[in-house]
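A look at the structure
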Amino acid sequence: MGRSTKTALIVDDDEFFRMALRTVLTNTLGFSEVLEAETFDQATALLSENEVDLAVFDLTMPGMAGPGSLKDVRDRFPHLCLVMASVSNRREDILLALQAGVNGYIPKNIGLKDFSSALTQILNGIVYVPVSIATLGTAGSPDEIAPAQSKVAATLTPRQKDVLSLVVKGNSNKEIARELGLGEGTVKVHLASLFRTLRVHSRSAAAAKGAAFVWANARSIH
């Protein structure tokens, strides 16, 4: 809690991407130490041995079996700021990563300046996803959104959806209360109920899990 330094982990088998991202992390985002791993196994070992604040994982690298591989990382390190970076803009990959519990999904092709901006938003508590996921439409095929996730979304009340939408945006309890015209105590009650429904134990995990249907089902949330 009292640490004055920040440590990041880059998990990618592309040496040039690691070099570029290291520069962003140290020169722009203020990380004092940046660890690097070229495989999923190396990454999990480093996470176990070090106190890491932010981990950026490539989607396709040795040992990664798709976005679902990060679910184990999220379960083992619940307070880690976990980011997926990928050349893929496939909606399915983005949704699966969000279901696994990532705090954001950043396309690699957006350029270093925008990549840095996306990381800044994530570190400030906002769950970042590509704009494309909101513009692909909400109908989609039934297979695009996991049935279990759709069932969870269906159990939420309109007010719970309002609260969850603001949690995903990184709003504090006080800001949510002001935005929705509620007391902070009422907001806490809604959050406790959301945690139970989403089966999570932290605000960041609720935001990450909820983001999948906040964006994919934008019409029903707003």
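Reference entry: report on the structure contained in this document. All values derive from a computational prediction rather than experimental measurement.

Basis of the calculations
Residues numbered from 1 in each chain as written. Predicted model: local features only at pLDDT ≥ 70, side-chain atom pairs only at ≥ 80, totals over all residues. Heavy atoms only, no water. Helix = DSSP H or I, 4+ residues; strand = E, 2+ residues; numbered from the N terminus. Contact = heavy atoms within 4.5 Å. Pairing = 2+ DSSP bridges. Right-handed = clockwise from strand over helix to strand, strands pointing away. Core = buried A, V, L, I, M, F, W, Y, C linked by side-chain atoms within 4.5 Å. Buried < 20%, exposed > 50% of the residue type's maximum accessible area, 1.4 Å probe, protein only. Phe/Tyr/Trp six-rings, centres within 6.5 Å; stacked < 30°, edge-to-face > 60°. Lys NZ or Arg CZ within 6 Å of the ring centre and 35° of its normal. Axes fitted to C-alpha atoms, helices over the stretch in contact; angles between N-to-C directions. Parallel < 35°, antiparallel > 145°, perpendicular 65-115°, else oblique. Nonpolar A, V, L, I, M, F, W, Y, C, P; charged D, E, K, R; others polar. Salt bridge = Lys/Arg side-chain N within 4 Å of Asp/Glu carboxyl O.

A closer look at the side chain of His 190
Position of His 190 relative to the elements: it lies in helix α10 (residues 184–198). Leave out the neighbours within four places in its chain, and His 190 touches Arg 159, Gln 160, Val 163 and Leu 182.

Focus on the pairing of strand β2 (residues 33–37)
As defined by bridge partners, strand β1 (residues 7–11) adjoins β2 across five bridges and the pair is classed as parallel. Across the sheet, residue Leu 9 finds its bridge partner in β2, namely Leu 35. The parallel pair β1 and β2 is bridged by helix α1 (residues 15–28), and the resulting crossover is right-handed.

Here we look at the nonpolar core
Formed by 44 residues in total, the largest nonpolar core has its most connected members in Leu 9, Leu 47, Phe 57, Leu 70 and Val 73. Look past the residues within four positions of Val 73 in its chain and what remains in contact with it is Phe 40, Thr 44, Leu 47, Phe 57, Leu 80 and Leu 82. If you look at the next biggest cluster of nonpolar residues, it comprises 20 residues, including Val 34, Ile 106, Phe 115 and Ile 122.

Examining the pairing of β1
Counted residue by residue, β1 has five buried out of five residues, so it is predominantly covered. Burial along β1 is two-sided: the face carrying Thr 7, Leu 9 and Val 11 and the face carrying Ala 8 and Ile 10 are both buried. Judged from the four bridges that link them, β1 and strand β3 (residues 54–58) form a sheet pairing that is parallel. Its bridge partner lying in β3, Val 11 is registered against Phe 57.

Quick look at the packing of aromatic side chains
Applying the stated criterion to the full structure yields two aromatic pairs. Between Phe 40 and Phe 57 the ring centres are 6.0 Å apart and the planes differ by 55°, which places this aromatic pair in the tilted class. Pair noted here: Phe 40 is in helix α2 (residues 40–49) and Phe 57 is in strand β3, with a separation of 17 residues, a long-range link. For the pair Phe 40 and Phe 57, a shared accessibility class is recorded, and that class is buried. Of note, Lys 6 hangs over the ring of Phe 31, and the distance from its end group to the ring centre comes to 4.5 Å.

Section: the packing of helix α9 (residues 173–180) against α10
At a minimum axis distance of 9 Å, the contact between α9 and α10 shows a crossing angle of 105°. One element, α9, and the other, α10, form an angle in the roughly perpendicular class. When α9 is examined against α10, the residues Asn 173, Lys 174, Ile 176 and Ala 177 are found in contact with a partner set consisting of Glu 184, Val 187, Lys 188 and Leu 191. Of the residues contributing to the contact of α9 with α10, the split by class is four nonpolar, one polar and three charged.

With respect to the pattern of salt bridges
As enumerated under the stated definition, the model contains eight salt bridges in all. When the shortest N-O distance is used, the salt bridge between Lys 108 and Asp 12 registers 2.6 Å. Linking Lys 108 in the loop between β5 (104–107) and α5 (112–123) with Asp 12 in the loop between β1 and α1, this pair joins segments that are 96 residues apart in sequence. Of the residues examined, Asp 12 reaches a relative accessible area of 1% and is grouped as buried. Linking Arg 18 and Glu 38 is a salt bridge whose minimum nitrogen-to-oxygen distance equals 3.6 Å. Of this pair, Arg 18 sits in helix α1 while Glu 38 sits in the loop between β2 and α2; the two residues are 20 residues apart in sequence, bridging distant segments of the chain. Classification of Glu 38 by relative accessible area gives partly exposed; the value is 40%. Connected through salt bridges with shared partners, the residues Arg 18, Arg 22, Glu 36 and Glu 38 form a single ionic network.

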